[in-house]
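Understanding the architecture of this molecule
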Amino acid sequence: MTRRFFLITLWLLVGMASPTLSPEAATADPNVFMRELWNRTVEILGKKAPQLEKLAQFRELFQADFDGPGIARFVLGRYWRSASPDEQQEFLRLFEDYVVFVYGTRLSSFNGEALKIRGNPAGEGGVIVSTDILNPGEAPIKVDWRLVTDNGAFKINDVTIEGISMMVTQRSEFASVIQRHGGQVSGLLALMREKTKTASAAQ
C-alpha cells in the first residue's frame, strides 16, 4: 500500500470497526480504545468475503457509528446553507453512497499495518491520541485521532494525518468542485452520482 493511498482511505477505517468494540473499551482510557479499535479494523479487513458483502457491512457500520448527517454538513461547508432542501437531502444520501462505493472498495488493499501509540497531546474539542502507523520498510505515518465522548463512550471525531485533517481536506475538495460549477451544489451532486454509479457497477 502506498502512503498516498493510505492517506486517502485511513479516515474511513476507524469508524468501520467501532460498533463491535467491547463496552469496556468504549469507556476505558483513550489509548485502550484506539488499540482495540485498530485491532478490530485489521480483523474486519482481513476477512475473506465477497466484495458486495463487505460493502454491505461497511454501510451498516457507517450508519451505526458515524454521525452521517453531521459529517455531510461539515464537508459541504458553507454551501449547505445555499443548497435547496431537496439538494440537502440528496447530498446526505449520495454522501453515504460515496463513502461506501468509492472508498469502501479500496479497503481490501489494507495490509495490516501496526499501530504504535505515542501519547496524548493537549487538544481542543476532545481527546487526542497521537500514533504512528508502522509498515516494514517505510517511514512511520504520524496520525492524530481526535476523540469525543457520546453517552460515556469514545467516538472518532476527526483524523489528522501528518498534519492534515481528513475532514477539512474533504470539505476543500468538495468546495473546489462546487466553485468550478459556478457555486452550484448541483455540480457536485452530478459528479457524486456519476462516481457512485460507476463504482457500484464495477462490483
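Residues numbered from 1 in each chain as written. Predicted model: local features only at pLDDT ≥ 70, side-chain atom pairs only at ≥ 80, totals over all residues. Heavy atoms only, no water.

Some thoughts on helix H5 (residues 68-76)
Burial in H5 covers these residues: Gly-68, Gly-70, Ile-71, Ala-72, Val-75 and Leu-76. Backbone geometry just after H5 places Gly-77 at a positive phi near 65°. (Buried < 20%, exposed > 50% of the residue type's maximum accessible area, 1.4 Å probe, protein only. Helix = DSSP H or I, 4+ residues; strand = E, 2+ residues; numbered from the N terminus.)

Notes on the environment of Asn-39
The residue Asn-39 is located in helix H3 (residues 30-45) in this model. When the C-alpha positions of Asn-39 and Leu-115 are compared, they lie 8.6 Å apart, and in sequence the two are 76 residues distant.

Considerations on the side chain of Thr-196
Note that Thr-196 resides in helix H9 (residues 185-201). Looking at Thr-196, the relative accessible area reads 8%, which means it is buried. A polar contact of 2.8 Å, which involves the side chain of Thr-196, links it to the backbone oxygen of Met-192. (Polar contact = N/O pair within 3.5 Å; in protein donor to acceptor, adjacent residues only side chain to side chain.)

What about the packing of aromatic side chains?
On inspection of all chains with the given rule, the structure shows four aromatic pairs. Seen in terms of ring centroids, Tyr-98 and Phe-174 are 5.7 Å apart; in terms of plane orientation they differ by 65°. Their pairing is edge-to-face. Within this pair, whereas Tyr-98 is found in helix H7 (residues 85-103), its partner Phe-174 is found in helix H8 (residues 166-180), the two being separated by 76 residues in sequence. Relative accessible area serves as the criterion here: at 4%, Phe-174 is assigned to the buried category. (Phe/Tyr/Trp six-rings, centres within 6.5 Å; stacked < 30°, edge-to-face > 60°.)

Side note on the sheet that holds strand S1 (residues 114-119)
If you trace the five strands from one edge of the open sheet to the other, you get S1-S2-S3-S4-S5, paired in antiparallel fashion. The strands lining the two open edges of the sheet, one partner per strand, are S1 and strand S5 (164-165). In terms of strand pairing, strand S4 (residues 153-161) meets S5 through two bridges, oriented antiparallel. Each residue of the ladder has a partner; that of Ile-161, found in S5, is Ile-164. (Pairing = 2+ DSSP bridges.)

Remarks on the pattern of salt bridges
Any two side chains of opposite charge can pair, on the condition that their charged atoms come close. For the coordinates displayed, the defined rule picks out five salt bridges. Residue Glu-90 is joined to Arg-193 by a salt bridge in which the shortest nitrogen-to-oxygen separation is 2.6 Å. Residue Glu-90 is located in helix H7, and its partner Arg-193 is located in helix H9; the two are separated by 103 residues in the primary sequence. What emerges from the salt-bridge pattern is a single network uniting Glu-90, Arg-93, Asp-97 and Arg-193. (Salt bridge = Lys/Arg side-chain N within 4 Å of Asp/Glu carboxyl O.)

Describing the confidence of the model for the protein chain
As a general rule, the predicted coordinates of low-pLDDT regions are not to be interpreted in detail. On average, residues of the protein chain carry a pLDDT of 78, and 73% of them reach 70 or more. Segment residues 15-20 is flagged for pLDDT under 50; beyond a separation of four residues in sequence, or across chains, it makes 17 contacts in the model. (pLDDT = per-residue confidence, 0-100. Contact = heavy atoms within 4.5 Å.)

Quick notes on the pairing of strand S2 (residues 127-134)
Where a strand is regular, its side chains alternate between the two sheet faces. With six of eight residues buried, S2 lies mostly within the body of the structure. In this sheet, strand S3 (residues 141-150) lies alongside S2 in antiparallel orientation, the contact comprising seven bridges. Among the inter-strand pairings, Val-127 is bridged to a residue of S3, identified as Leu-147.

Things to note about H8
With 15 residues, H8 ought to run about 21 Å at 1.5 Å a step, and its terminal C-alpha atoms sit 22 Å apart, in line with that. Those residues of H8 that sit buried are Met-166, Met-167, Gln-170, Phe-174, Ala-175, Val-177 and Ile-178. Measuring from the backbone nitrogen of Met-167 back to the side-chain oxygen at the start of H8 gives 3.4 Å, which picks out Ser-165 as the cap. Two residues or fewer after H8 comes Gly-182, characterised by a positive phi angle close to 70°. (Expected span 1.5 Å × (residues − 1).)

Focus on the packing of H8 against H9
At their nearest, the axes of H8 and H9 sit 7 Å apart, and the two run at 115° to each other. In terms of orientation, H8 lies roughly perpendicular with respect to H9. Once H8 is placed against H9, the crossing between them reads as right-handed. Every residue of H9 that contacts H8 at Phe-174, Val-177 and Ile-178 is listed here: Val-185, Gly-187, Leu-188, Leu-191 and Met-192. Residues belonging to the contact of H8 with H9 are distributed by class as follows: seven nonpolar, one polar and no charged. (Axes fitted to C-alpha atoms, helices over the stretch in contact; angles between N-to-C directions. Parallel < 35°, antiparallel > 145°, perpendicular 65-115°, else oblique. Left-handed = near helix turned anticlockwise from the far one by under 90°. Nonpolar A, V, L, I, M, F, W, Y, C, P; charged D, E, K, R; others polar.)

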